[in-house]
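# Commentary on secondary and tertiary structure
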Amino acid sequence: MSAIDKYIENKDFVTWVLGDVSKEDYWNNYLKDNPEEKENIDKAKDWVKQVKVKDPYFSAQRERELWIEIDQKISNTKTPTKTISFKTTWWKYGAAVIVLGLIVNFYFRNFVPQHHVDTARNGFTNNITLPDGSTVDLNAGSSISYDKKSFNAGRYISLKGEAYFKVEKGQTFQVNTEMGTVTVLGTSFNILARKQQWIVSCYTGKVAVKDNEGNQVILTKGQEAEYKNGGFVTNAHAKKQPNWQKGLFKYSNAPLESVFEEIQRQFDIRIIYKNSDIQKLRFSGTISNKSLEKALDIISKSMDINYKIDNKKKEVEISY
């Protein structure tokens, strides 16, 4: 196995390279912990990008089938009696690129609906108007996908990250996340679905929140449900809109690592810990995405830690 095989054969890596922002944190952290792999990852990314895939959001079942087909096709191209040596690794994957390209092209032209993907990359938010007039505000590092052509006939959306929805009345409107679904008829609500954290907040109307096991809770205006230990915990809230839409992020005894993860998304920077145990500290307070320095000042003063900003590298070093 070459140095880049383990990446190009990793489905999570491939979908990340093709634009799945939900994998961004994992691979950024992986690079932080394995800086010696940067050159291999860059080569693997270049290789993957040679295959033009319109949308990485296809079903898990069909995804598995596709990768089995790819593996079989690649295996069939191998000839045990003849070995050819090339100076560059790109030629080694030439046949695989062609096979993968043909399979993906045929599959997406014949089987996959023409899904549309909207994203909000780190450092930015994004406001989207859906075909039915409903609107979606995407928080940084989030994405939605949906079938644009048939959306009005069945309003189904997949979400990764966090978004605020304001839904026009009409056919059933359903948002799918990795942990379950949220179904409405006409309302406004916020969904946070990131790293096994799932919180749904209802602002107007009524929503039905159902996990993958079929457990369900109904929320009305001013109610919020958080999914914990396989069940829903329902609380009241008095907010008129999500705090993140106002650029505010409130924490109560939260792991400092999760706070810095949000800072990375909001300011599109990389956090480097000089002392690993800093991540285990707990933070309570409110920060804003208006100023990186002010946000870091609030955290550093309350946690008695230091920071150093490198604007050129877009990095922040955290230490005691």
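I will try to describe carefully the structure that is included in this document. (Residues numbered from 1 in each chain as written. Predicted model: local features only at pLDDT ≥ 70, side-chain atom pairs only at ≥ 80, totals over all residues. Heavy atoms only, no water.)

Per the secondary structure count, the chain includes 9 helices and 18 strands. A buried classification covers 44% of the 320 residues belonging to the chain. A sequence separation of at least 24 residues applies to 49% of the contacts in the chain between residues at least 6 apart. Within the structure as shown, the chain displays about 17800 Å² of accessible surface, and the carbon and sulfur contribution to it stands at 48%. (Helix = DSSP H or I, 4+ residues; strand = E, 2+ residues; numbered from the N terminus. Buried < 20%, exposed > 50% of the residue type's maximum accessible area, 1.4 Å probe, protein only. Contact = heavy atoms within 4.5 Å. Areas by Shrake-Rupley, 256 points an atom, 1.4 Å probe, with all protein chains shown as cover.)

This part is about the packing of aromatic side chains. Enumeration over the complete set of coordinates arrives at 19 aromatic pairs. Put simply, the rings of Tyr7, Phe13, Trp16, Tyr26, Trp27 and Tyr30 touch in pairs and so form one group of aromatic residues. (Phe/Tyr/Trp six-rings, centres within 6.5 Å; stacked < 30°, edge-to-face > 60°.)

The next subject is the nonpolar core. Counting 30 residues, the largest nonpolar core has Phe165, Phe173, Phe189 and Ile191 as its most contacted members. For this core, the element with the most residues is strand β5 (residues 155-166), which contributes 4 residues. Ignoring anything within four residues of it in the chain, the contact list for Phe189 reads Ala163, Tyr164, Phe165, Val167, Phe173, Val175, Val182, Val184, Ser201, Cys202, Tyr203 and Val207. (Core = buried A, V, L, I, M, F, W, Y, C linked by side-chain atoms within 4.5 Å.)

Before going further, it helps to examine the pattern of salt bridges. Tallied over the full model, the rule gives 10 salt bridges. A salt bridge links Lys43 to Glu39; the shortest N-O distance between them is 3.5 Å. Of the two residues, Lys43 and Glu39 are both situated in helix α4 (residues 38-49); the distance of 4 residues between them amounts to about one turn of the helix. For Glu39, a relative accessible area of 52% puts it in the exposed group. We note a salt bridge from Glu315 to Arg270, for which the minimum N-O separation is 3.4 Å. (Salt bridge = Lys/Arg side-chain N within 4 Å of Asp/Glu carboxyl O.)

As a further point, take the sheet that holds strand β17 (residues 306-310). Read from one edge to the other, the open sheet built from 3 strands follows the order β15-β18-β17, with strand pairing classed as mixed. Since the sheet does not close on itself, it has two edges, and those belong to β15 (270-273) and β17, each with one partner. Ignoring strand direction, the axes of neighbouring strands in this sheet form an average angle of 20°. Direction of pairing for β17 relative to strand β18 (residues 315-319): antiparallel, over a ladder of 5 bridges. Bridge pairing in β18 places Asn306 opposite Ser319. (Pairing = 2+ DSSP bridges. Axes fitted to C-alpha atoms, helices over the stretch in contact; angles between N-to-C directions.)

A separate point is helix α9 (residues 292-303). Look at α9: 16 Å from first C-alpha to last across 12 residues, which is about the 16 Å you get at 1.5 Å a residue. If you check which residues of α9 are buried, you get Leu292, Ala295, Leu296, Ile299, Ser300 and Met303. Projection of α9 onto a plane perpendicular to its axis shows the buried side chains occupying an angular sector of 125°, all on one side. Exposed and oriented more than 90 degrees from the buried face of α9 are Lys294 and Lys301. The elements touched by buried residues of α9 are α8 (256-267), β16 (282-288), β17 and β18. (Expected span 1.5 Å × (residues − 1). Arc of directions from axis to C-beta.)

If you trace the backbone, Gln264 turns up in helix α8. Every residue in contact with Gln264, bar those within four places of it in the chain, is listed here: Asn122, Ile269, Arg270 and Ile271.

Consecutive side chains along a regular strand alternate between the two faces of the sheet. In terms of burial, strand β7 (residues 180-184) is a largely internal element, 4 of the 5 residues being buried. In this sheet, β7 lies alongside strand β6 (residues 173-176) in antiparallel orientation, the contact comprising 4 bridges. In the sheet register, Phe173 faces β7, and the bridge partner there is Val184. Between β6 and the antiparallel strand that follows it, β7, lie 3 residues.

Turning our eyes to something else, we now look at the packing of α8 against α9. Closest axis-to-axis distance for the α8/α9 pair is 11 Å, and the angle between their directions is 170°. By the angle class used here, α8 and α9 are roughly antiparallel. Seen from α8, the contacting residues are Leu256, Val259, Phe260, Ile263 and Phe267; seen from α9, they are Leu292, Ala295, Leu296, Ile299 and Met303. Its residues placed into classes, the contact of α8 with α9 shows 10 nonpolar, no polar and no charged. (Parallel < 35°, antiparallel > 145°, perpendicular 65-115°, else oblique. Nonpolar A, V, L, I, M, F, W, Y, C, P; charged D, E, K, R; others polar.)

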